[in-house]
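What follows is the residue order along each chain.
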Amino acid sequence: MVTEPLTDPVPSAPPRSQWVDVWAQFRHHRGAFAGLIVFMTIILGVFLGPLLYAQDAQYVPTGRDFLRLKDMRPAYMLLWDSGVKAEWAHPLGTDNIGRDTLARLMQGGQVSITVGLAAMLLSLFLGTLIGTMAGYFRKLDGPLMRLTDLFLALPLLPLLLVTVLLFREPLKQAFGPEGGIFVLIVFIVGVTSWMQTARIVRGDVLALKEREFVLAAQSIGTRSGKMVIRHILPNVLSPIMVSATLGIATAIITESALSFLGFGFPPDFPTWGRLLNDAVDRMTLFPERAIFPGVLISLTVLSVNYMGDGLRDALDPRIRGR
């Protein structure tokens, strides 16, 4: 009797990490991937651009330099109008007192995006904390959700304006003109934008409380704090990350609106909203001064929203793999 030699079974492919699957799904979402590219391009442009572009965003020329540099048009206009007041040393032109527009756009982007990220982190912390406590502890559910409803019912824009008027001067004296406004705007935007995150996290925590692994952990005496940190929070990570992306967009728009209304940073400290505010008076003569910051705000918010949409689909196991 002839026996066939034993052959080793074909080795199976090693199991892929969940985050590899999430990245694969996110990468195939065209809008989300394009949004990621646009957002990273803007981030690199505003934070690394000043290292390559030597113009000072806050330099105000004097004397003959002031007369030569004020109200310069973008240099690309030289392509069809050789008589326009422009030069390639200032590719996007200058404002009415001779400050370089491109340098101010990059510095303004640094401030606006930093405010957006900081306010998003504060909003995410408050929303996750309140949502988790309301969903896990039954006695806190009613009071915390009524507090959430109260914040949702507040007229946010008047509240923001009143808060800025009341606390702007004390914070300026404590942290300086720019630092005080930065702390105030981050605090205001973060404290008034956590409600949606709290309600989403609460709903997920309420569903997770009835799952078998949570009941098993409770049956062996796991304490509440350890239960929340090790079993609840890792499983509500996906809605938290989606809320984070959308929170950046909300914070950038809110900061831009405050600066546009004149309640943001000082006039000599550029943000995209402040550049829009400065461009209003002479928008008919120099429309590009409003178009440039407006387009950057729109692109940033749109790209972040697309990223949130793609991240939501990638983190949802019911959609992943379609």
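Please read these numbers as outputs of a predicted model, since none were measured by experiment.

*Asks:* So what exactly am I meant to see when it comes to unusual backbone geometry here?
*Replies:* What is expected of a backbone is that most residues other than glycine have negative phi and most peptide bonds are trans. Residues other than glycine seldom take positive phi values, yet Asp 71 does so here, at roughly 55 degrees. Overall, the relative accessible area of 13% leaves Asp 71 in the buried class.

*Asks:* Honestly, the nonpolar core in this entry has me stumped. Any pointers?
*Replies:* Most often, soluble globular proteins keep nonpolar side chains buried together rather than apart. In this structure, Phe 26, Ile 113, Tyr 136, Val 205, Met 227, Ile 232 and Trp 272 are the most contacted members of the largest nonpolar core, which totals 37 residues. For this core, the element with the most residues is helix α13 (residues 288-315), which contributes eight residues. Among the nonpolar cores identified, the runner-up in size contains 17 residues, and Val 111, Leu 160, Ile 181 and Leu 184 belong to it.

*Asks:* Even after reading the chapter, I still don't get the environment of Leu 237, so can you show me in this structure?
*Replies:* By the secondary structure assignment, Leu 237 is in helix α11 (residues 237-260). The partly exposed category is assigned to Leu 237, whose relative accessible area is 34%. Sequence separation between Leu 237 and Ser 256 is 19 residues, and the spatial gap between their C-alpha atoms is 29 Å.

*Asks:* I'm lost on helix α8 (residues 195-208) in this one. Help?
*Replies:* Count 3.6 residues to each turn of an α-helix, and residues three or four apart come out pointing the same way. Look at α8: 20 Å from first C-alpha to last across 14 residues, which is about the 20 Å you get at 1.5 Å a residue. Within the span of α8, buried status applies to Met 195, Thr 197, Ala 198, Val 201, Val 205 and Leu 208. Take α8 and look down its axis: the buried residues cluster within an arc of 145 degrees, on one side only. Residues of α8 that are buried sit in contact with α4 (101-136), α5 (138-153), α7 (177-191), α9 (212-219), α10 (224-232) and α11.

*Asks:* What is the right way to read the pattern of salt bridges from this model?
*Replies:* Taken as a whole and judged by the stated rule, the model has ten salt bridges. Between Arg 68 and Asp 65 there is a salt bridge; the shortest N-O distance is 4.0 Å. Here the residue Arg 68 and the residue Asp 65 both occupy positions in helix α3 (residues 64-69), the gap between them amounting to three residues, near one helical turn. Owing to a relative accessible area of 35%, Asp 65 belongs among the partly exposed residues under this scheme. Between Arg 202 and Asp 141 there is a salt bridge, and its shortest N-O distance comes to 2.7 Å. A residue pair is termed long-range when its members are at least 10 positions apart, and Arg 202 in helix α8 and Asp 141 in helix α5 qualify at 61 residues. What makes Asp 141 buried here is its relative accessible area of 17%. Salt bridges sharing common partners tie together Asp 95, Arg 99, Arg 104 and Asp 278.

Rules behind the numbers
Residues numbered from 1 in each chain as written. Predicted model: local features only at pLDDT ≥ 70, side-chain atom pairs only at ≥ 80, totals over all residues. Heavy atoms only, no water. Buried < 20%, exposed > 50% of the residue type's maximum accessible area, 1.4 Å probe, protein only. Core = buried A, V, L, I, M, F, W, Y, C linked by side-chain atoms within 4.5 Å. Helix = DSSP H or I, 4+ residues; strand = E, 2+ residues; numbered from the N terminus. Expected span 1.5 Å × (residues − 1). Arc of directions from axis to C-beta. Contact = heavy atoms within 4.5 Å. Salt bridge = Lys/Arg side-chain N within 4 Å of Asp/Glu carboxyl O.

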